[in-house]
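# Analysis of the macromolecular model
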Amino acid sequence: MSGEEEENAAELKIGDEFLKAKCLMNCEVALILDRKYEQLQQMSDDPMNQVSQVFEKSLQYVKRFSRYKNPDAVRQVREILSRYQLAEFELCVLGNLCPETVEEAIAMVPSIKTRGRMHDDDQIEKMLTDLSLIKKFE
């Protein structure tokens, strides 16, 4: 992104590095950190050998703010959101915040309605319905 161009997430002007980066939803990070925590516990015979406080706090945070707990549900959420050709940033915001209405989704991620993109209100509504079904049956 050139120095003259201002970053604006509403227009998906977030910098090339960020646009190309792989983002993870809180629920995905929770699964990764949970596995790592289990591995650390199994490897440690010494009760004094504890995981760092930062690790524990990070794990607590992502567990608290994860909307999906079941690994299959987490996979399904990413699959559903990926069908809509969202940027990673958009996918993760929607997956983390789980808007219930089209208006909420657009308020959280205004870039899903920018020109040249195929996201009309009906498509956004379908996407939100699909996500709510996952949450309902989790």
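Not measured: the values here are computed from a predicted model.

## Quick look at helix H5 (residues 88–97)
Among the ten residues that make up H5, nine are buried, leaving the element largely enclosed by the rest of the structure. Backbone geometry just after H5 places Cys98 at a positive phi near 50°.

## Let's talk about the environment of Leu81
Topologically, Leu81 is positioned in helix H4 (residues 71–82). Along the primary structure Leu81 and Leu131 are separated by 50 residues, whereas in three dimensions their C-alpha atoms are 8.4 Å apart. If near-sequence neighbours (up to four positions away) are discounted, Leu81 is found in contact with Leu86, Leu91, Leu94, Gly95, Met127 and Leu131.

## A closer look at the pattern of salt bridges
Here the structure, examined in full by the defined rule, presents nine salt bridges. A salt bridge links Lys63 to Asp34; the nearest nitrogen and oxygen atoms lie 3.2 Å apart. Here Asp34 lies in helix H2 (residues 26–43) and Lys63 lies in helix H3 (residues 53–64), a separation of 29 residues in the sequence. The partner of Asp72 in a salt bridge is Arg75, and the shortest N-O contact between them spans 3.9 Å. Here Asp72 and its partner Arg75 are both found in helix H4, three residues apart, which amounts to about one turn of the helix. Using a relative accessible area of 41% as the deciding quantity, one classes Arg75 as partly exposed. Here the residues in one salt-bridge network are Lys22, Glu28, Arg78 and Glu88, joined through shared partners.

What counts as what
Note on numbering: residues in each chain are counted from 1, in written sequence order. Only residues with pLDDT of at least 70 get local features here, since the model is predicted, and only at 80 or more are side-chain atom pairs given and counted; chain-wide, interface and lining totals rely on the full set of residues. As a convention, hydrogens and water are excluded, and side-chain values are obtained from all of the structure's heavy atoms. Here's how the labels work: a residue is buried when its accessible area is under 20% of the maximum for its type, exposed when over 50%, partly exposed in between, all with a 1.4 Å probe on protein chains only. Runs of H or I in DSSP of at least four residues are treated as helices and runs of E of at least two as strands, each being numbered from the N terminus. We call two residues in contact when some of their heavy atoms are within 4.5 Å. Basic side-chain nitrogens of Lys or Arg form a salt bridge, by our definition, when they fall within 4 Å of a carboxyl oxygen of Asp or Glu.

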